[in-house]
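# Breakdown of the fold
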Amino acid sequence: MEQEQAPRWWAVVAVMIGIFLLVTAEQLPIGLLSQVASSMDVTPGMAGLMVTVPGVVAAFSAPLLPVAVGRLDRRIMLTVLMVVMVAGSVFSALASSFILLLAARVLVGLSIGGFWAVAGSIAPRLVPEAQVPKAMTMIFGGVAAASVMGVPLGTLLGDFSNWRVAFGALGVLSLLTAIALWWWLPPLPPREPVRLRILAQQFSNRGVRVAVLTTAFVVVGHFAAYTFISPILQEISGVSQRHVGSLLLLYGAAGIVGNIVAGSFAGRHPYRAVLAIPSLLLVVVAVFPLLGVQPSSGVMLLMVWGAVFGSVSVSIQTWILRTAPNTEAATALMAFTFNMSIGLGAMLGGRIVDGTSLPIAMWAASGLFLLGVLLVWKTPSRIVGKSSVVKKPR
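Residues numbered from 1 in each chain as written. Predicted model: local features only at pLDDT ≥ 70, side-chain atom pairs only at ≥ 80, totals over all residues. Heavy atoms only, no water.

## Description of the overall build of the chain
Helices and strands together make up the secondary structure of the chain, namely 18 helices and zero strands. For 394 residues, the compact-globule estimate of 2.2 N^0.38 gives 21 Å, and the chain sits close to it at 19 Å. Principal-axis analysis of the C-alpha atoms gives the chain an extent of 55 × 45 × 35 Å. Within the chain, buried positions represent 60% of all 394 residues. For the chain, the proportion of contacts with a sequence separation of at least 24, taken over those separated by at least 6, is 87%. Summed over its atoms, the accessible surface of the chain is roughly 14,700 Å², and 70% of this surface lies on carbon and sulfur atoms. Of the charged side chains in the chain, 24 are positive and 11 negative, and the gap between their average positions amounts to 11 Å. (Helix = DSSP H or I, 4+ residues; strand = E, 2+ residues; numbered from the N terminus. Rg over C-alpha atoms; globule rule 2.2 N^0.38 Å. Buried < 20%, exposed > 50% of the residue type's maximum accessible area, 1.4 Å probe, protein only. Contact = heavy atoms within 4.5 Å. Areas by Shrake-Rupley, 256 points an atom, 1.4 Å probe, with all protein chains shown as cover. Lys, Arg positive; Asp, Glu negative; His and termini not counted. Charge placed at Lys NZ, Arg CZ, Asp CG, Glu CD.)

Rendered as structure tokens:
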């Protein structure tokens, strides 16, 4: 059986790098929002569509691609999706209009959704069962690493040159990652092909339903505010635009810490970990317009924000591995929810920011976090059990 094989840590590293680049590509426009908006002569709210479009496309590709490819080896699937990412990044860098830029972002969304849907469920197939929490922490550490290195460094690269260079660099790195995936991943035929019927069956499980809805509330709320973190830091906290890239490095560093801490804690207490996430985000984002009015206080709140959100992916995925009847199908649904929520959050925040103000957008986000708190609070903790060992995949 695959669980009895020697651990394939290089394969885990390759998948982590893939997640890192995909999340960087999806969120890079956040750091370059003002520059792209000026270059393309669109409003910041309109420029936020660079996050909305790939988020929505990724949402639908997450559940539908595993269904469409059937029994295709997941090694081949992940490699091809990284090649699609190469094309999306290169076309983004070469886009001559905002419409063409959004069209290129469709390719980025296609690769994000399909890759994430598979990547979240293969950790138990790459390492022994006892080491799955560590592998999960590494894979979803790519999400936090994208914040600490990918998005900030891409932002700095865009500031020192221009935003097109940042997208072009993503294309080069994605090509190298596609080669690494093909070289390091073992053959990964699906144990059970994902069917639409199996996807629908996941909702009959209360643990999956709670995970999906909580993810939606948290991620929509987060991106309704965080998409506009550059103007938030400048207009609310009084931070100079030239310092935003550096502060995003600190934000991402906090996210790395949050991911590591959550990887250990969620393995033992997944219910508490998931309950803590919307609770802490509610407090931090709600008080930001009131207390983050100085550069020092704004930076402190930003660090806490980063640490908490950095724990989302590994905590929710641990919950899913404990409760889902079919881990690959449930992970596909989670990828759908996460990416759709990114797109909806960015769009919602853009409408609120253009129509009202940045503080109103942050308080609207806090309301969604409150819904997440109430949902988890009303869910019995016993549905995720007490064992520190995740369920074996089917």
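We are not done yet, so read on.
## Digging into the packing of aromatic side chains
In this structure the tally under the stated criterion is nine aromatic pairs. Relative to Trp319, the ring of Tyr271 lies with its centre 6.3 Å away and its plane at 25 degrees, an arrangement referred to as stacked. Residue Tyr271 is located in helix H14 (residues 270–291), and its partner Trp319 is located in helix H16 (residues 312–323); the two are separated by 48 residues in the primary sequence. A relative accessible area of 15% means that Tyr271 is categorised as buried. Of the residues examined, Trp319 reaches a relative accessible area of 1% and is grouped as buried. Where Phe288 meets Trp305, the ring centres are 6.2 Å apart and the plane angle is 70 degrees; that geometry is what we call edge-to-face. In this pair, Phe288 sits in helix H14 while Trp305 sits in helix H15 (residues 295–309), placing the two residues 17 residues apart along the sequence. Members of the aromatic cluster, each reached through a chain of ring pairs, are Phe223, Tyr226, Tyr251, Phe288, Trp305 and Phe309. (Phe/Tyr/Trp six-rings, centres within 6.5 Å; stacked < 30°, edge-to-face > 60°.)

## Digging into a nonpolar patch on the surface
Where nonpolar side chains cluster on the molecular surface, the patch consists of Val172, Leu173, Leu175, Leu176 and Ile179 and spans about 470 Å² of accessible area. Turning to its location among the elements, Ile179 is positioned in helix H9 (residues 163–184). (Patch = residues over 30% accessible without salt bridge, like charges linked within 9 Å, V, L, I, M, F, W, Y side chains within 5 Å. Salt bridge = Lys/Arg side-chain N within 4 Å of Asp/Glu carboxyl O.)

## Regarding the packing of helix H11 (residues 206–226) against H16
Two quantities define a packed helix pair, namely the angle between the axes and the distance from one axis to the other. Where H11 contacts H16, the axes come no closer than 9 Å and their chain directions differ by 165 degrees. Classified by the interaxial angle, the pair formed by H11 and H16 is roughly antiparallel. Viewed along their axes, H11 and H16 form a crossing whose handedness is left-handed. Where H11 approaches H16, its residues Gly207, Val208, Val210, Ala211, Thr215 and Val218 are matched on the opposing element by Val312, Ile316, Trp319, Ile320 and Thr323. In terms of residue class, the contact of H11 with H16 is built from eight nonpolar, three polar and no charged. (Axes fitted to C-alpha atoms, helices over the stretch in contact; angles between N-to-C directions. Parallel < 35°, antiparallel > 145°, perpendicular 65-115°, else oblique. Left-handed = near helix turned anticlockwise from the far one by under 90°. Nonpolar A, V, L, I, M, F, W, Y, C, P; charged D, E, K, R; others polar.)

## Some thoughts on helix H1 (residues 9–31)
At 3.6 residues per turn, the α-helix brings residues three or four places apart onto the same side. The end-to-end C-alpha distance of H1, which contains 23 residues, comes to 32 Å, matching closely the 33 Å that a straight helix rising 1.5 Å per residue would cover. Of all the bends in H1, the greatest, near 40 degrees, is centred on Ala25, and the proline Pro29 appears no more than four residues after it. Counted residue by residue, H1 has 19 buried out of 23 residues, so it is predominantly covered. (Expected span 1.5 Å × (residues − 1). Bend = angle between axes of the 7 residues up to and from the residue.)

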